[in-house]
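A structural walkthrough
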Protein chains: 2
Amino acid sequence: MDKERKAKDDEATAQERPTLKTLAFMTGLGVTTVSRALKDAPEIGAETRRRVQLVAKQIGYRPNRAGVRLRTGKTNVISLVLNTEHELMSFVSDIIYGVTEVIADTPYHLIVTPYSRSQDPLDPVRYLVETGSADGVIISRTQPNDPRARYMLERGIPFATHGRTDMGLVHPYHDFNNYAFAAEAVRHLAGLGRRRLALVTPPVGLSYYRHTVNGFADALSEVGASEVPFNTVSIDHSIEQIRTRTAQLMRRDIRPDGIISSAAAATLAIVAGIEDAGLKLGRDVDVVSKQSSELLHLFRHELLVVNEDFRLAGSELARSVLGWIGGAAPGSLQSLSEPKGVVAYRRSD
Amino acid sequence: MDKERKAKDDEATAQERPTLKTLAFMTGLGVTTVSRALKDAPEIGAETRRRVQLVAKQIGYRPNRAGVRLRTGKTNVISLVLNTEHELMSFVSDIIYGVTEVIADTPYHLIVTPYSRSQDPLDPVRYLVETGSADGVIISRTQPNDPRARYMLERGIPFATHGRTDMGLVHPYHDFNNYAFAAEAVRHLAGLGRRRLALVTPPVGLSYYRHTVNGFADALSEVGASEVPFNTVSIDHSIEQIRTRTAQLMRRDIRPDGIISSAAAATLAIVAGIEDAGLKLGRDVDVVSKQSSELLHLFRHELLVVNEDFRLAGSELARSVLGWIGGAAPGSLQSLSEPKGVVAYRRSD
DNA sequence: CGTGACAGCTGTAACGTTTCAGTATATTCC
DNA sequence: GGAATATACTGAAACGTTACAGCTGTCACG
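Here the structure is a predicted model, which is why all the values come from computation and not from measurement.

1. Structural notes on the nonpolar core
A general feature of soluble globular proteins is that nonpolar side chains tend to end up buried together. Counting 61 residues, the largest nonpolar core has Met250(A), Ile259(A), Ile274(A), Met250(B), Ile259(B) and Ile274(B) as its most contacted members. When contributions to this core are tallied by element, the ones reaching two or more residues are strand E6 (196-200), helix H11 (239-251), helix H12 (264-276) and helix H13 (296-299) of chain A together with strand E6 (196-200), helix H11 (239-251), helix H12 (264-276) and helix H13 (296-299) of chain B. Within the second largest apolar cluster, 42 residues are counted, among which are Ile95(A), Ala160(A), Val321(A) and Val92(B).

Structure below.
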């Protein structure tokens, strides 16, 4: 028996990656004891525990993810589900950084699960759940009645949504207060004397479309301004489409003297359209736009902006998912980010 | 024995995720046979093979990643290593989509491994290799003498770099021909009669810094134009810094009449700086800029652009890594993307 | 008819981890 | 002094997969 033991442990001592067996040999303990000592189980003596942890640190022991995952089902993976056609560029980049920031000192890895225009958005989620590929999921482009959220809720897999749902179901989310954004934008434009306002909306069908439209409508009647309907485009449309349709709009007899845009890229096209129609920003029309990086004021200093922080969104979403995985109540993991107000830049900036 | 078998297989037939055991029971074969049948091993009868594969498809069998990984060490993971501070926004987004596009119909997952300013860029790579977390790695911000490439080459882990190295070591890469970009930009500006050119470089130390500078210098002497040194900024600097230093530069007696910019975000700042100095784009100075999304011409129609396709880069890099994993020679997995020429936009566009 | 080759299949072990059901020794209680 | 209890540890089994060695039956060959 002693001989056997030695043979086995010689193997274990080779310069391969250390495992529990390696640690067990080095400390003279059993594999079970080592395993429990590393997770601070109460039935292990204080000194043994310290000894094991010291040795583990010394030789750089790292639990084998596959072993853990096979045994426990725990993947230590968070998956971010992204649409490969319609996400905003800055959104992808910033939200990823926000998420990684939070999971950096956890054992979690971030995997990006894409889906394309042609696919059912439920597909990637179903894949993740069915294959048990992640402990938690983050989704964007949330809809009021979102089948993905419903599905994950049924299956009991922790997730968080960027944007709220409206199905009477409770789950973690992070959202930007787009109602407040639109309302503040309207008020600001009204303050500048603008009375005929148009809105370039988020994609119809997503939750924040409604929020934005409602904020717009409520503030319009509050300040007594009127809407110039502009339903032919949303920020999901191509730059070209937004540009030409904005130009068409601005050439009409009754054209808006104020435009509110829900995304920076769309704003570039809107401004181009305005100028195509021979009008001047700041004189003939004012534009308030959301932006996620501080670039629009370089584009046209007359632009009025409201900042939305996607990195913060990523962090909050990651925190929510981890919280749910950690056993917190889903209802306690919801957050709403308030717009910081409309910002104007002076020429001298 | 028959009883035993039945008991075991009843378990296996429960509505849990199907495993090889489930398939073995359903087909009446052994687990080994099923395993081999699914991977088209030659020693399995043609009919058996078809039968197993049919049943597997029917019940939606998916191999358990943890099982495979534990047994074989194969992770089916590609890791994209990103700097969380200095990557271009569009780069992150597009390269991710490029990669996911290629791995979409493979068993591979994409994990994003971040590192920050304060960290040694080797850290994340070392982590990946030591923990065996990925079958292949993609890195960006490649340096002529890149410790990460050297390290991975030593350890024998497949990888691809965005940008070339210059260490006499051969490995897969994808690169944009920044030498050609800079040279074409110089020639184009010279063609417009511009004779005093400045260059806003990539980050000093990265491989494409040298390529760009060389292309710039060679073309300068070719066309007989001169350089106005502008070494105080690179595209890694903040928008503010680039803007103010450009303004300073443009207020000097000997100021450039042509500027070449290696990134779109920097270009916004450059133009702002030019205008801060009271000069007009297209009249006093022309600017040629790289861009990765078609937005700069909306910003100022006078801007001259060269397009770099990061989504393509992502796809190529993914293909390279998969190729290397699949046994192809690293030297055969290198690609260089040529600039498509300087593009000008007419006002009417 | 015995031998060898071969096709087609199977059982066992192992990857690294955690959980379950213990065991041995010391401590407490009546 | 004996039983109960607590403390500190241990071996075996299992998660799902693949590699290895081996088994059985068929067929051709001499």
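Structure's up, so let's keep going.
2. What about the packing of aromatic side chains?
All names here are of chain B. One pass over the full model with this rule turns up 5 aromatic pairs over all chains. Relative to Phe 310, the ring of Phe 91 has its centre 5.1 Å away and its plane inclined at 90 degrees; by these criteria the two rings are edge-to-face. Taken together, the residues span a long stretch of sequence, with Phe 91 in helix H6 (residues 89-103) and Phe 310 in helix H14 (residues 310-325) at a distance of 219 residues. Taken individually, Phe 91 and Phe 310 each receive the classification buried, so the pair is uniform in this respect.

3. A word on the packing of helix H6 (residues 89-103) of chain A against helix H14 (residues 310-325) of chain A
Residues and elements named next belong to chain A. Direction vectors running N to C along H6 and H14 enclose 45 degrees, while the axes themselves pass 7 Å from each other. The pairing of H6 with H14 is recorded here as oblique in orientation. At the point where H6 passes H14, the crossing takes the right-handed sense. Counting all contacts with H6, which are made through Ser 90, Phe 91, Asp 94, Ile 95, Tyr 97, Gly 98, Val 99, Glu 101, Val 102 and Ile 103, the residues of H14 involved are Phe 310, Arg 311, Gly 314, Ser 315, Leu 317, Ala 318, Arg 319 and Leu 322. Of the residues that constitute the contact of H6 with H14, the class distribution is 10 nonpolar, 4 polar and 4 charged.

4. What to know about the protein's contact with DNA strand C
Lining the immediate environment of DNA strand C, one finds 24 residues, of which Lys39(A), Tyr61(A), Arg71(A), Gly30(B) and Thr33(B) sit closest. Within 4 Å of the protein, the atoms of DNA strand C are drawn from sugar and phosphate moieties in a proportion of 59%. Note that a phosphate oxygen of DNA strand C is positioned 2.7 Å from one of the side-chain N or O atoms of Ser35(A). The separation between a phosphate oxygen of DNA strand C and a polar main-chain atom of Asn64(A) is 2.9 Å.

5. Re the interface of chain A and chain B
Contact with chain A, which involves 41 residues of that partner, is made by 42 residues of chain B. Of the roughly 3,900 Å² buried between chain A and chain B, counting both surfaces, carbon and sulfur atoms make up 64%. Looking only at chain A, the three residues that lose the most surface to chain B are Met89(A), Tyr97(A) and Leu298(A), adding up to 18% of its buried area. For the interface between chain A and chain B, the tally reads 0 salt bridges. The interface formed by chain A and chain B includes 12 residue pairs in polar contact (both at pLDDT 80 or more). For the side of chain A that touches chain B, the elements supplying multiple residues, two or more each, are helix H5 (65-72), strand E1 (77-83), H6, strand E2 (109-115), helix H7 (122-130), H11, H12 and H13 of chain A. Of the residues contributing to the side of chain A that touches chain B, the split by class is 19 nonpolar, 12 polar and 10 charged.

6. Quick notes on the protein's contact with DNA strand D
Close to DNA strand D lie 24 residues, the nearest being Gly30(A), Thr33(A), Lys39(B), Tyr61(B) and Arg71(B). A breakdown of the atoms of DNA strand D within 4 Å of the protein gives sugar and phosphate a share of 60%. Mapped by element, the contributors of at least two residues to the surface near DNA strand D are helix H3 (31-38) and H5 of chain A together with helix H3 (31-38) and helix H5 (65-72) of chain B. Within the surface near DNA strand D, the residues separate by chemical class into 8 nonpolar, 12 polar and 4 charged.

7. A few points about the pairing of strand E5 (residues 173-176) of chain B
Residues and elements named next belong to chain B. Of the two faces of E5, the one holding Tyr 173 and Asp 175 and the one holding His 174 and Phe 176 are both buried throughout. Alignment of strand E4 (residues 159-162) against E5, held across 2 bridges, turns out to be parallel. Across the sheet, residue Thr 161 finds its bridge partner in E5, namely Tyr 173. Alignment of E5 against strand E11 (residues 334-337), held across 4 bridges, turns out to be parallel.

What counts and what doesn't
- Residues numbered from 1 in each chain as written.
- Chains lettered and ligands numbered in written order.
- Predicted model: local features only at pLDDT ≥ 70, side-chain atom pairs only at ≥ 80, totals over all residues.
- Heavy atoms only, no water.
- Core = buried A, V, L, I, M, F, W, Y, C linked by side-chain atoms within 4.5 Å.
- Buried < 20%, exposed > 50% of the residue type's maximum accessible area, 1.4 Å probe, protein only.
- Helix = DSSP H or I, 4+ residues; strand = E, 2+ residues; numbered from the N terminus.
- Phe/Tyr/Trp six-rings, centres within 6.5 Å; stacked < 30°, edge-to-face > 60°.
- Axes fitted to C-alpha atoms, helices over the stretch in contact; angles between N-to-C directions.
- Parallel < 35°, antiparallel > 145°, perpendicular 65-115°, else oblique.
- Left-handed = near helix turned anticlockwise from the far one by under 90°.
- Contact = heavy atoms within 4.5 Å.
- Nonpolar A, V, L, I, M, F, W, Y, C, P; charged D, E, K, R; others polar.
- Near = heavy atom within 4 Å.
- Polar contact = N/O pair within 3.5 Å; in protein donor to acceptor, adjacent residues only side chain to side chain.
- Buried area = accessible area lost by both parts, 1.4 Å probe.
- Salt bridge = Lys/Arg side-chain N within 4 Å of Asp/Glu carboxyl O.
- Pairing = 2+ DSSP bridges.

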